[in-house]
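Spelled out, the chains give:
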Amino acid sequence: MIETEILIAGYGPVGETLAALLGKAGINTLVVERDLDVYRYPRAAHFDHEIMRIWQKLGIAEAVLPWTRQMYEYEFRNAAGDILLRFDQRGIEAPSGWAPSYMFHQPALEEALRKRVEDFPTVEVRLGTTLKSIDRNDANGIAATISADGKDEQVCARFLIGCDGGGSLTRRQIDGELFDYGFDEPWLVIDTLAKHEEGLPPFGVQSCDPKRPTTVMPMSPLRRRWEFMLKPDETPDTMLDDGKIAELLKPWVKPGQVELVRKAVYRFHGLVAKTWRNKSVLLAGDSAHQMPPFMGQGMCSGIRDADNLAWKLEAVLRGRANAALLDTYQQEREPQVRQIIEGAIAMGRIVCVQDEQAARMRDQGMIAARAAKPAGANDPLPGLPGVRAGFLHPSPRTGELLPQTTAARTADGKHGKLDDILGDGFWLLTKQATTTLSHVKLVVLGHDVTDETGRLDKWLDDAGASAALIRPDRYVFGTGNPDELTTALTVALHIPA
Ligand SMILES: Cc1cc2nc3c(=O)[nH]c(=O)nc-3n(C[C@H](O)[C@H](O)[C@H](O)COP(=O)(O)OP(=O)(O)OC[C@H]3O[C@@H](n4cnc5c(N)ncnc54)[C@H](O)[C@@H]3O)c2cc1C
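None of the values given here were measured: they were computed from a predicted structure.

1. Here's the deal with the overall build of the chain
Assigned secondary structure in the chain consists of 13 helices and 26 strands. In terms of C-alpha radius of gyration, the chain reaches 23 Å, essentially the compact-globule figure of 23 Å for 497 residues. Along the first, second and third principal axes, the C-alpha set of the chain runs to 65 × 60 × 40 Å. Scored against the burial criterion, the 497 residues of the chain give a buried share of 57%. Within the chain, contacts between residues separated by at least 24 positions form 71% of all contacts whose residues are at least 6 apart in sequence.

2. Points about empty space enclosed by the protein
In total, this model carries 2 cavities of 30 Å³ or more according to the counting rule given. In this structure, the largest cavity occupies an estimated 70 Å³ of space. Contributing to the lining of the largest cavity are Glu50, Arg53, Ile54, Lys57, Asp307, Leu401, Asp419, Pro472, Asp473 and Arg474. Ranked by residues supplied to the lining of the largest cavity, first place goes to helix 2 (residues 49-58) with 4 residues. Partitioning the lining of the largest cavity into residue classes produces 3 nonpolar, no polar and 7 charged. Computed from the structure, the second largest cavity encloses a volume of approximately 60 Å³. Around the second largest cavity, the lining residues are Glu50, Arg304, Asp307, Asn308, Glu332, Arg333, Gln336, Val387, Asp473 and Tyr475. At the level of elements, helix 8 (298-317) and helix 9 (327-351) are the ones that each hand at least two residues to the lining of the second largest cavity. Per-class residue counts for the lining of the second largest cavity are 2 nonpolar, 2 polar and 6 charged.

3. Some details on the packing of aromatic side chains
Taken as a whole and assessed by the stated rule, the structure comprises 16 aromatic pairs. Between the aromatic rings of Phe47 and Tyr102, the centroid separation amounts to 5.3 Å while the plane-to-plane angle is 25 degrees, which identifies the pairing as stacked. Remark: Tyr102 occurs in strand 7 (residues 101-104) and Phe47 occurs in strand 3 (residues 46-48); sequence separation between them is 55 residues. For the ring pair Trp311 and Phe426, a centre distance of 5.5 Å and an interplane angle of 85 degrees mean the geometry is edge-to-face. Taken together, the positions of Trp311 in helix 8 and Phe426 in strand 22 (residues 426-430) put the pair 115 residues apart, joining distant regions of the chain. Counting every residue linked through ring pairs, the aromatic cluster contains Phe47, Trp55, Tyr102 and Phe104. A cation over a ring is seen here: Arg86 above Phe203, with NZ or CZ 5.7 Å from the ring centre. Across the ring face of Phe179, the terminal group of Arg338 is positioned such that the distance to the ring centre comes to 4.5 Å.

4. Some remarks on the domain arrangement of the chain
The extent of an interface is frequently quoted as the accessible surface area lost upon association of the parts. According to the domain assignment, the chain contains domain 1 (2-67 + 105-179 + 270-346) and domain 2 (408-493). Domain 1 and domain 2 are separated by 29 Å when their C-alpha centres are compared. Taken together, the 16 residues of domain 1 in the interface contact 12 residues of domain 2. Each partner contributes to the roughly 1200 Å² buried at the junction of domain 1 and domain 2, and carbon and sulfur atoms together form 43% of this total. It is Arg53, Gln56 and Trp311 in domain 1 that bury the most area against domain 2; as a group they hold 47% of the surface buried on that side. In this assembly, domain 1 and domain 2 are joined by 3 salt bridges.

5. Details of the site of the ligand
Glu33, Arg43, His46, Asp286 and Met299 are the nearest of the 31 residues found near the ligand. With respect to the ligand, the side chain of Asp35 contributes an N or O atom lying 3.5 Å from an oxygen atom. Contacts to the ligand include Gly298, whose backbone N or O atom sits 3.3 Å from a nitrogen atom. Bound to the protein, the ligand loses 89% of the 1000 Å² it would expose on its own. Among the secondary structure elements, those contributing two or more residues to the shell around the ligand are helix 1 (13-24), strand 2 (29-33), strand 9 (130-138), strand 15 (223-229) and helix 8. The greatest single-element share of the shell around the ligand, amounting to 3 residues, is contributed by helix 8. In the shell around the ligand, the residues fall into 13 nonpolar, 10 polar and 8 charged.

6. Some remarks on the side chain of Arg362
Counting through the fold element by element, Arg362 comes out in helix 10 (residues 356-372). Those residues within four positions of Arg362 in sequence are excluded, and the remaining contacts are Leu84, Cys208, Ile350, Val351 and Val353.

7. Points about the pattern of salt bridges
Summed over all chains, the structure comprises 42 salt bridges. Among the salt bridges present, the one from Asp152 reaches Lys132, with a minimum N-O distance of 2.7 Å. In this pair, Asp152 sits in strand 11 (residues 151-162) while Lys132 sits in strand 9, placing the two residues 20 residues apart along the sequence. The exposure class assigned to Lys132 is partly exposed, which follows from its relative accessible area of 42%. In this structure, Arg362 and Asp363 form a salt bridge, with 3.0 Å as the shortest nitrogen-oxygen distance. According to the relative accessible area criterion, Asp363 is buried, its value standing at 12%.

Rules behind the numbers
Residues numbered from 1 in each chain as written. Predicted model: local features only at pLDDT ≥ 70, side-chain atom pairs only at ≥ 80, totals over all residues. Heavy atoms only, no water. Helix = DSSP H or I, 4+ residues; strand = E, 2+ residues; numbered from the N terminus. Rg over C-alpha atoms; globule rule 2.2 N^0.38 Å. Buried < 20%, exposed > 50% of the residue type's maximum accessible area, 1.4 Å probe, protein only. Contact = heavy atoms within 4.5 Å. 1 Å grid on protein atoms, 1.4 Å probe; cavity = no way out; pocket = protein on both sides within 12 Å on 5 of 7 lines; lining within 4 Å. Points joined across faces, edges and corners; volume = space filled by probe spheres on them. Nonpolar A, V, L, I, M, F, W, Y, C, P; charged D, E, K, R; others polar. Phe/Tyr/Trp six-rings, centres within 6.5 Å; stacked < 30°, edge-to-face > 60°. Lys NZ or Arg CZ within 6 Å of the ring centre and 35° of its normal. Domains from an automatic or database assignment. Buried area = accessible area lost by both parts, 1.4 Å probe. Salt bridge = Lys/Arg side-chain N within 4 Å of Asp/Glu carboxyl O. Near = heavy atom within 4 Å. Polar contact = N/O pair within 3.5 Å; in protein donor to acceptor, adjacent residues only side chain to side chain. Areas by Shrake-Rupley, 256 points an atom, 1.4 Å probe, with all protein chains shown as cover.

Dropping the structure here:
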């Protein structure tokens, strides 16, 4: 029998991120993944600034960057090419200290994550190993059966985290009920590799042509994602035919310009698990929620789950918090996830119109609405919804992401991004020397760290507070005076069971 602190089922991007975060915290973790290698074909094509900040924390941002390109524009066009909706993130300063949006190559990202996990001796990864059943789940931990090459083994762990994707066995073994938004559309998804970029759409386009709703997205350099909605009389088999694919690509590329590298038919839907924690079992990523890809946020949401969960698991396992802290995980993550799913479905409902008359009415309404709106920067993820309820101390700026300055300087001459300079854990940012808790790093602005842009000082001044307590996931626990904040943190960490 294997004993460990955490068992992770599933080693997709969410399981990989969680394993790396737990490994960095020195937590004994066993990961089981039924496949033998990284899934070679990307599903996700986009991630946002907050996700890059998490890669930064894990030390893989530099390895990921060559496989990305920044993308600022995203247009919805009608059949005639008129713009119905246009997002432009140019000039938008994302709070995380990175570009607002990146297009990327998922297998390269997953390889960088897996390589990073190898650096952590407390994490063991077993590929070709399946979570078969959860045999016990109570307040003290779990017992599960895993299986490899037809051989079963028992695992006992304090917590099991199901990162096992949309069909999650973990979810089915606990209270597997899903809330269904009733959006369910079949699309052909293909990826291509081009010899050169000339003539290819340089940014994201949703072609809202009722004859064939189509998405075109740049991915990493030379790679593009194309998505074609199926008509009611079309089947996956007919759509996956190479001749059919060539016909669909004809309006977009010159003959021979791109090579087809993958093809698949997906059903896009919006689903949220009703229960994300059942005693010692928790769900993260697609096992907890699935969404249509129109906002490029499915994987991003799962990565946020991992970042939210990792420090809470660490606090509970190291005896710094009551296990009830883990109930704040769903309280914090579900409202944000739902808001994003609802946004993605709203975008999907614009795109997925196949009736000509309904499309004409949609176009008229959207063109008029656009004409009435002032031009300027327009963000599809307007300041990503923060954390509204959960592990928080209500005060100005609570639940927001702390802006990361890229020009932080320490008294001993270190210079760079704030998170790199301050490291992991809780921070108490303040303007005056004070005392703090042993597990909270005291950061006196202007003494320990100076933000050369002045943005951080202004941010604190605007909150009308002398201090801000920042959580390990860089969300603001609260603002106020240092004593009030450390007392509130102590009380919050000992939430009664
Ligand atoms: C066409 C398309 C486009 C998308 N575009 C974007 C985008 O641009 N941006 C974005 O953020 N998201 C996007 N997404 C969503 C994104 O791909 C998913 O949200 C993301 O892959 C979920 O990651 P995960 O780790 O939770 O699950 P998965 O990637 O599904 O990984 C789950 C893993 O668990 C393993 N597993 C399953 N059962 C078991 C078991 N019993 N035992 C052991 N292992 C098991 C599986 O083999 C798999 O490796 C898109 C999705 C699609 C389909």
